[in-house]
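Observations on the three-dimensional arrangement
So you can see what is in the structure, the chains are spelled out below.
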Amino acid sequence: MNISFILHTAGRISIILGMFMAILCFGFTIKKKNSSTLALIYSILIALTLGLVLMVMGRRKKQVSLVNRYILVTFSWFLIGILGSLSFYISGHIPNFIDALFESISGFSTTGASILTNVEALPYSILYWRSLTHWIGGMGIIVLVIAVFPMFKTSGYQMFSLDASGLLNQKLKPRTSDIAKRLWFIYVMLAALLVTLLMLGT
């Protein structure tokens with residue numbers, strides 16, 4: 001098992017998740033300063049710091065075995081589940097860590113299940129982060145990593161297909177990073193269009 005590669009790549013994923021929290025989530029909630037926003041700041045710092053530590057501990061490698069790719073995807077899902085749960089747990093709105101972890105994984109996997117009986121009762125910052133986990137999960141965090149950091153080269157297709165099972169029925173000819181970028185571009189454009197329509201309808 002190539003632990004060095006797994007740690008390095010998991011660090012990149014942690015940094016990307018922290019950047020999503022900082023740019024897309026924190027940017028919209030900074031005006032509503034409360035304990036929940038502070039919990040979000042702590043979560044961002046933890047995600048970015050952990051990502052840097054893991055990258056320093058690990059080492060980049062272009063070609064890895066299939067076993068290492070499976071381990072990486074599994075470990076990455078476990079990692080983002082924990083990082084995504086921090087805002088719920090630190091803010092105290094989901095005081096049980098297992099429940100917070102369930103809520104986070106439910107979002108990133110777009111399962112839709114929830115332990116919350118009244119979702120709208122959450123403060124704006126936490127509610128926005130919960131919604132964002134579902135949005136990120138709609139495409140897949142590994143696909144996002146390949147789009148932002150095209151580091152997998154020959155193993156990119158396998159990594160892509162491991163996280164996006166059912167999305168591809170056959171191997172496509174363009175580079176994996178190009179496919180991921182195009183899919184994310186379409187995804188973001190559709191999301192922006194729907195947000196615009198919802199704003200016009202309110």
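Here's what I pulled together on the structure shown here. (Residues numbered from 1 in each chain as written. Predicted model: local features only at pLDDT ≥ 70, side-chain atom pairs only at ≥ 80, totals over all residues. Heavy atoms only, no water.)

1. Quick word on the side chain of Arg130
What counts, and what does not: Only DSSP runs of H or I reaching four residues or more are called helices, and only runs of E reaching two or more are called strands; each is numbered from the N terminus. Per-residue accessibility, obtained with a 1.4 Å probe over protein chains only, is compared with the maximum for each type, and a residue is labelled buried under 20%, exposed over 50%, and partly exposed between these values. In the analysis that follows, any N or O atom pair within 3.5 Å is treated as a polar contact, provided that within protein one partner can donate a hydrogen and the other can accept it, and provided that, for residues neighboring in sequence, both atoms belong to side chains. Two residues qualify as a contact provided that any one of their heavy atoms is within 4.5 Å of a heavy atom in the partner residue.
Inspection of the secondary structure puts Arg130 in helix 5 (residues 124–137). Residue Arg130 is classed as buried on the basis of its relative accessible area, which comes to 12%. Of note is the side chain of Arg130, whose polar atom sits 2.6 Å from the side chain of Glu103. Sequence-distant contacts of Arg130, defined by excluding residues within four places in its chain, comprise Phe88, Glu103, Ser114, Leu116, Val119 and Leu122.

2. What about a nonpolar patch on the surface?
Inclusion rule: Within this analysis, patches are made of residues with over 30% relative accessible area and no salt bridge. Like charges are joined at 9 Å or less; nonpolar side chains (Val, Leu, Ile, Met, Phe, Trp, Tyr) at 5 Å or less. In these tables, accessible area is a Shrake-Rupley quantity obtained with a 1.4 Å probe, and a residue counts as shielded only by the protein chains included in the view. The rule for a salt bridge is simple: a side-chain nitrogen of Lys or Arg has to be within 4 Å of a carboxyl oxygen of Asp or Glu.
A grouping of Phe185, Ile186, Val188, Met189, Leu190, Leu193, Leu194, Leu197 and Leu200 is seen on the molecular surface, where their side chains present a nonpolar patch of about 910 Å² in accessible area. For Leu194, the location among the structural elements is in helix 8 (residues 176–201).

3. Quick notes on the packing of aromatic side chains
The criterion, for reference: Stacked, edge-to-face and tilted are the three classes for Phe, Tyr and Trp ring pairs, Trp counted by its six-membered ring, which pair at centre distances within 6.5 Å; planes under 30 degrees apart are stacked, over 60 edge-to-face, the rest tilted.
Under the defined criterion, the tally for this structure stands at 5 aromatic pairs. Taking the centre distance of 5.6 Å and the plane angle of 85° together, the rings of Tyr89 and Phe97 count as edge-to-face. Tyr89 sits in the partly exposed class, given a relative accessible area of 38%. Using a relative accessible area of 29% as the deciding quantity, one classes Phe97 as partly exposed. Taken together through their ring pairs, the aromatic side chains of Phe20, Trp135 and Tyr187 make up a single cluster.

4. Some remarks on helix 3 (residues 66–91)
Along an α-helix, a turn takes 3.6 residues, which lines up residues three or four apart on a common side. Heads up, the condition is: To estimate how far a helix should extend, the number of its residues minus one is multiplied by 1.5 Å. In this analysis the local bend is the angle between axes fitted, respectively, to the seven residues ending at and the seven residues starting at the residue.
Look at helix 3: 39 Å from first C-alpha to last across 26 residues, which is about the 38 Å you get at 1.5 Å a residue. Ser85 marks the point of greatest bend in helix 3, at about 35°. Remark: Gly92 follows helix 3 within two positions and exhibits a positive phi of approximately 85°.

5. So, the pattern of salt bridges
In total, this model carries 1 salt bridge according to the counting rule given. Glu103 serves as the salt-bridge partner of Arg130, at 2.6 Å between the closest nitrogen and oxygen. In this pair, Arg130 is assigned in helix 5 and Glu103 in helix 4 (residues 97–108), connecting sequence segments 27 residues apart. No difference in accessibility class separates Arg130 from Glu103, as the two residues are buried.

6. A closer look at helix 5
For the record, the criterion: The arc under discussion is defined with respect to the helix axis, by the directions toward the C-beta atoms.
Compared with the 20 Å implied by 1.5 Å per residue over 14 residues, the 20 Å span of helix 5 between its first and last C-alpha is a close match. Those residues of helix 5 that fall on the buried side of the exposure criterion are Ser125, Ile126, Trp129, Arg130, Leu132, Thr133, Ile136 and Gly137. In a view along the axis of helix 5, the buried residues occupy a sector of 160°, so they form one face of it.

7. Considering the packing of helix 3 against helix 4
Note the cut-off: Fitting a line to C-alpha atoms yields each axis, with helices limited to the stretch in contact; the angle taken between N-to-C directions then spans 0 to 180 degrees. Each angle receives one of four descriptions, namely roughly parallel if under 35 degrees, roughly antiparallel if over 145, roughly perpendicular if within 65 to 115, and oblique otherwise. What makes a crossing left-handed is the near helix being turned counterclockwise from the far one by less than a right angle; a clockwise turn instead makes it right-handed. Classification convention: Asp, Glu, Lys, Arg as charged; Ala, Val, Leu, Ile, Met, Phe, Trp, Tyr, Cys, Pro as nonpolar; all other residues, Gly among them, as polar.
In contact at an axis separation of 7 Å, helix 3 and helix 4 are set at 120° when each is read in the N-to-C sense. Taken together, the axis directions place helix 3 and helix 4 in an arrangement best described as oblique. As helix 3 packs across helix 4, the resulting crossing turns out to be right-handed. Judged by residue contacts, Trp77, Ile80, Gly81, Ile82, Gly84, Ser85, Phe88 and Tyr89 of helix 3 engage Phe97, Ala100, Leu101, Glu103, Ser104, Ile105 and Phe108 from helix 4. A per-class count over the contact of helix 3 with helix 4 returns 10 nonpolar, 4 polar and 1 charged.

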